[in-house]
Amino acid sequence: QKPELGNVLDDTKGVLGGTVDDYSTIDDKLKDVSNTAIAIGTSLESLNTQKNNIEYSLDLLKLVEGFRLNKPDPVFEDPDRLSQAAKYILSLRDLANSLESTRHQDTKVNILKMFKGIEDKVL
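Below is a short write-up of the structure. Residue numbers restart at each chain and count upward from 1, following the sequence in its written direction. Note on the predicted model: pLDDT of at least 70 is required for a residue's local features to be given, and 80 or more for side-chain atom pairs to be given and counted; whole-chain, interface and lining totals, by contrast, use all residues. Only hydrogens and water are set aside when side-chain values are computed; all heavy atoms of the structure are taken into account.

Our focus in this paragraph is the packing of helix 2 (residues 82-98) against helix 3 (residues 105-122). Lines are fitted to the C-alpha atoms to define the axes, a helix being fitted only along its stretch in contact, and any angle between axes, read from their N-to-C directions, falls within 0 to 180 degrees. Strands here mean DSSP runs of E at least two residues long; helices mean DSSP runs of H or I at least four residues long; both are numbered from the N terminus. Where helix 2 contacts helix 3, the two axes come as close as 9 Å, and the packing angle between them is 140°. Crossing of helix 2 against helix 3: the hand is left-handed. Residues Leu-82, Ala-85, Ala-86, Ile-89, Leu-90, Leu-92, Arg-93, Ala-96 and Asn-97 of helix 2 form the contact with helix 3, whose participating residues are Lys-108, Ile-111, Leu-112, Met-114, Phe-115, Ile-118, Lys-121 and Val-122. Residue classes follow a fixed rule: Ala, Val, Leu, Ile, Met, Phe, Trp, Tyr, Cys and Pro count as nonpolar, while Asp, Glu, Lys and Arg count as charged, and any other residue, Gly among them, counts as polar. Looking at side-chain class alone, the contact of helix 2 with helix 3 contains 13 nonpolar, one polar and three charged residues. In this scheme the crossing of two helices becomes right-handed for a clockwise turn of the near helix relative to the far one and left-handed for an anticlockwise turn of less than a right angle. Residues count as neighbours in contact if any of their non-hydrogen atoms are within 4.5 Å of one another.

Next comes the structure, spelled out in C-alpha cells:
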C-alpha cells in the first residue's frame, strides 16, 4: 500500500523541521560570533592606531630635543632614509611654525633650516 503524498510530506516536514531549526540556531550563533570577532578586530585596530600615533609623537619629541641641542638626528643626514626624514621634517615644520615663544626660537630656526635642506634634496 502506497502512502499518500500528503502524509509523506507531513512526515518529511516533521523530520526536517527540527533540522532546519537546528541550522537556524547554528546560523544565529555564527552571526553572533562573527559580530563579536568584528568588534574585537575594530577595537584592536583602533588600539594599534593609537599606539602608532603615540610612538610617532615620541619620535618627534626626541627629534625636537635634538634640534633644541643643535644635534639633529642622523636620519636627516642619511641619504637612504630621505623619505623618512621628509616625513618627520614636515611634521616638525608644522610644530616649529606653531612655536611662538622666543625661548624656542633657536629650535624653530634649526628645524626650518633642516626643512629647507631636505626640501632641496627631495626636489
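Turning next to the pattern of salt bridges. In what follows, salt bridge is the name for a side-chain nitrogen of Lys or Arg lying within 4 Å of a carboxyl oxygen of Asp or Glu. Following the criterion strictly, the structure yields six salt bridges and no others. The salt bridge involving Glu-55 is made with Lys-51; its shortest N-O contact spans 3.6 Å. Residue Glu-55 and its partner Lys-51 are both found in helix 1 (residues 5-68); the two are separated by four residues, about one turn of the helix. On the basis of relative accessible area, Glu-55 is assigned to the partly exposed category, the value being 38%. Connected through shared salt-bridge partners, Lys-116, Glu-119 and Asp-120 make up one network. The buried label goes to any residue with under 20% of its type's maximum accessible area, the exposed label to any with over 50%, and the partly exposed label to all in between, with areas taken from a 1.4 Å probe on protein chains only.

Turning next to the nonpolar core. Core analysis: the biggest nonpolar cluster contains 16 residues, and Leu-63, Phe-67, Phe-76, Ile-89, Leu-92 and Ile-118 have the highest contact counts within it. Mapped onto this core, the elements with two or more residues apiece are helix 1, helix 2 and helix 3. Leu-63 has contacts with Asp-73, Val-75, Phe-76, Tyr-88 and Leu-92, leaving out every residue within four places of it along the chain. Put simply, a nonpolar core is a bunch of buried Ala, Val, Leu, Ile, Met, Phe, Trp, Tyr and Cys residues held in one set by side-chain atoms that sit within 4.5 Å of each other.

Before going further, it helps to examine helix 3. Compared with an ideal rise of 1.5 Å per residue, which puts 18 residues at 26 Å, helix 3 spans 26 Å between its outermost C-alpha atoms and is within 8% of the ideal. For helix 3, the set of buried residues is Thr-107, Lys-108, Asn-110, Ile-111, Met-114, Phe-115 and Ile-118. Projection of helix 3 onto a plane perpendicular to its axis shows the buried side chains occupying an angular sector of 160°, all on one side. Exposed residues lying more than 90 degrees from the buried face of helix 3 are Asp-106 and Lys-113. A helix's residues, less one, multiplied by 1.5 Å, set its expected span. Taking the helix axis as origin, the arc is that swept by the directions to the C-beta atoms.

What follows covers the packing of aromatic side chains. Centres within 6.5 Å make a pair out of two Phe, Tyr or Trp rings, where for Trp the six-membered ring is used; the pair is then stacked when the planes are under 30 degrees apart, edge-to-face when over 60, and tilted otherwise. Considering all chains together, one arrives at two aromatic pairs under this definition. A ring pair is formed by Tyr-56 and Tyr-88, whose centres lie 5.6 Å apart and whose planes are at 15°; its orientation type is stacked. Of the two residues, Tyr-56 sits in helix 1 while Tyr-88 sits in helix 2, which places them 32 residues apart along the sequence. Residue classification places Tyr-88 among the buried residues on the basis of a relative accessible area of 10%.

Time to look at the side chain of Asn-110. For Asn-110, the location among the structural elements is in helix 3. The exposure class of Asn-110 is buried, given its relative accessible area of 16%. If near-sequence neighbours (up to four positions away) are discounted, Asn-110 is found in contact with Phe-67 and Asn-70.

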